[in-house]
Amino acid sequence: MHAFYADHFVLPLPEGHRFPMGKYSRLRARLRQELTGLQITQAPAATDGELALAHSPAYIQAVCTGTLSAQLQREIGFPWSEAMVERSRRSVGATVAAARAALAHGMATNLAGGTHHASADKGGGFCVFNDAAVTARLMQAERFRHSKRVMPVAVIDLDVHQGNGTAEIFANDPSVFTLSMHGEKNFPFRKVKSDLDVDLPDGTTDDVYLAALHQALETLGQRFDSELVIYLAGADPHEGDRLGRLKLSYDGLIARDRAVMDWAFQRRIPLAMCMAGGYGRDIETTVQVQVNTFAVALAYWKRWQNVIP
């Protein structure tokens with residue numbers, strides 16, 4: 001199964017910064033050691049033209065030249081650096097590459113990504129460019145060149161925080177269905193309406209979460225015929241997450257991943273996965289959630305190889 005990374009582009013963050021930059025390289029090391037069957041490849045960088053499918057040219061230029069206003073840079077949550085720009089480009093490029101591989105082989109993954117708080121003309125919440133939005137638009141453009149038909153794409157966002165940027169970008173686009181299942185009282189505190197939002201109270205546990213997820217997937221299937229799924233498999237609903245406020249166990253998150261991947265597999269919808277958020281009090285907790293997610297994904301990728309010519 002193809003998996004794309006860019007963890008060697010490390011942001012120079014100030015001491016005590018709460019973003020867990022080290023989780024990405026730890027995840028890659030664990031995957032290389034523990035999961036055979038992954039083809040782990042450095043991610044390409046998204047071009048300005050690709051980014052412009054979801055972002056305004058003025059915003060792209062300001063990010064790339066370091067001329068964002070102080071307020072917009074604060075909203076992103078990272079100090080500007082050339083490494084921030086390169087990492088952000090490659091985070092998008094990794095999801096693009098994963099989507100192309102998924103369309104060819106059923107499933108593929110990004111070891112980062114899920115930057116769903118970035119909207120067309122600004123970032124936010126540690127998100128600079130929106131990888132899911134750029135990827136959806138680019139895959140549609142590439143398919144249209146061949147078939148002269150718009151490919152419907154579903155974004156299934158199970159990060160604990162609402163995908164406000166993705167919802168805003170696709171607010172008037174019926175060809176992309178946005179599903180966000182998140183903590184009701186968590187960031188962002190001003191939500192943007194998705195095609196389907198599932199708001200969960202603080203302290204939600206496995207059984208309640210999984211029941212809500214199965215209902216959301218059923219609703220998605222009834223309302224929209226997808227030909228590609230982009231899945232944001234956030235680790236932050238875990239009970240050990242310091243920003244999550246939900247109470248899912250390791251087993252509950254494995255069941256979540258299986259539910260999404262089985263839903264796509266049963267319908268023969270290719271699925272590209274990215275990791276989204278994870279802020280464990282112990283960083284190894286977040287990495288373990290993500291390793292578990294990759295194990296589920298690899299099992300479903302193997303099922304695809306037996307079923308899809």
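The structure reproduced in this document is the subject of the present report. Because the structure is a prediction, the values reported are computed rather than measured.

Following both chains from N to C, one finds helix 1 (residues 23–34) and helix 10 (residues 283–307) inclined at 45°, their axes separated by 10 Å at the closest point. When the axis of helix 1 is compared with that of helix 10, the two are oblique. Viewed along their axes, helix 1 and helix 10 form a crossing whose handedness is right-handed. Residues Lys23, Arg26, Leu27, Arg30, Leu31 and Glu34 of helix 1 form the contact with helix 10, whose participating residues are Ile283, Glu284, Thr286, Val287, Gln288, Gln290, Val291 and Phe294. Residue composition of the contact of helix 1 with helix 10, by class: six nonpolar, three polar and five charged.

Turning our eyes to something else, we now look at the sheet that holds strand 2 (residues 39–42). Taken together, eight strands build an open sheet; the order of strands is 2-1-3-8-7-4-5-6 and the sheet is parallel. Each edge of the sheet is formed by a strand with only one pairing partner; in this case those strands are strand 2 and strand 6 (196–200). Direction aside, neighbouring strands of the sheet carry axes that sit 15° apart on average. Of the strand pairs in this sheet, strand 1 (residues 2–5) and strand 3 (residues 107–110) are connected by two bridges, and their pairing is parallel. Each residue of the ladder has a partner; that of Phe4, found in strand 3, is Asn110. Helix 10 rests against strand 1, strand 3 and strand 8 (271–274) of the sheet, and its axis sits at about 155° to strand 3.

Okay, the packing of aromatic side chains next. Tallying each qualifying case throughout the model produces 11 aromatic pairs. Clustering of aromatic rings is evident, with ring pairs tying together Phe19, Tyr24, Phe78, Phe126 and Tyr279. Cation over ring: Arg28 sits above Tyr5, and NZ or CZ is 3.8 Å from the ring centre. The cationic tip of Arg87 hangs over the ring face of Tyr24; the distance from NZ or CZ to the ring centre is 4.8 Å.

Generally speaking, a soluble globular protein has its nonpolar side chains buried in company with each other. Within the largest apolar cluster, 55 residues are counted, with the highest numbers of intra-cluster contacts made by Tyr231 and Phe294. Per element, the largest residue contribution to this core is 10 residues, and it comes from helix 10.

Moving on: the pattern of salt bridges. Throughout the structure, instances matching the rule amount to 13 salt bridges. Among the ionic pairs, Asp48 bridges to Arg89, the shortest N-O distance being 2.6 Å. One end of the pair, Asp48, is in helix 2 (residues 48–51); the other, Arg89, is in helix 5 (residues 82–105), with 41 residues separating them in the sequence. The class for Arg89 is buried, based on a relative accessible area of 14%. Asp202 is the salt-bridge partner of Arg245, the closest N and O atoms lying 2.7 Å from each other. Placement of Arg245 in the loop between strand 7 (228–232) and helix 9 (250–266) and of Asp202 in the loop between strand 6 and helix 8 (206–223) is noted, with a sequence separation of 43 residues between them. When salt bridges that share partners are traced, they join Arg143, Arg149 and Glu227 into one network.

Here we take up the side chain of Asp131. Take Asp131: it is sitting in helix 6 (residues 131–147). As a buried residue without a salt bridge, Asp131 has its nearest oppositely charged side chain in Arg87, at a separation of 9.7 Å. In terms of polar contacts, Asp131 uses its side chain to reach the side chain of Thr95, at 2.6 Å. Here Gly114 takes part through its backbone nitrogen, which lies 3.0 Å from a polar atom of the side chain of Asp131. Ignoring any residue separated from it by four or fewer positions in sequence, one finds Asp131 in contact with Ser91, Val92, Thr95, Asn110, Gly113, Gly114, Thr115 and Cys274.

Applying the stated criterion across every chain yields a total of zero disulfides. There is no disulfide at Cys64, and the cysteine sulfur nearest it, in Cys127, is 16 Å away. Looking at Cys274, it has no disulfide partner, and the nearest cysteine sulfur is the one in Cys127, 10 Å off. For Cys274, a relative accessible area of 0% gives the class buried.

Criteria and thresholds
- Residues numbered from 1 in each chain as written.
- Predicted model: local features only at pLDDT ≥ 70, side-chain atom pairs only at ≥ 80, totals over all residues.
- Heavy atoms only, no water.
- Axes fitted to C-alpha atoms, helices over the stretch in contact; angles between N-to-C directions.
- Helix = DSSP H or I, 4+ residues; strand = E, 2+ residues; numbered from the N terminus.
- Parallel < 35°, antiparallel > 145°, perpendicular 65-115°, else oblique.
- Left-handed = near helix turned anticlockwise from the far one by under 90°.
- Contact = heavy atoms within 4.5 Å.
- Nonpolar A, V, L, I, M, F, W, Y, C, P; charged D, E, K, R; others polar.
- Pairing = 2+ DSSP bridges.
- Phe/Tyr/Trp six-rings, centres within 6.5 Å; stacked < 30°, edge-to-face > 60°.
- Lys NZ or Arg CZ within 6 Å of the ring centre and 35° of its normal.
- Core = buried A, V, L, I, M, F, W, Y, C linked by side-chain atoms within 4.5 Å.
- Buried < 20%, exposed > 50% of the residue type's maximum accessible area, 1.4 Å probe, protein only.
- Salt bridge = Lys/Arg side-chain N within 4 Å of Asp/Glu carboxyl O.
- Lys, Arg positive; Asp, Glu negative; His and termini not counted.
- Polar contact = N/O pair within 3.5 Å; in protein donor to acceptor, adjacent residues only side chain to side chain.
- Disulfide = S-S within 2.5 Å.

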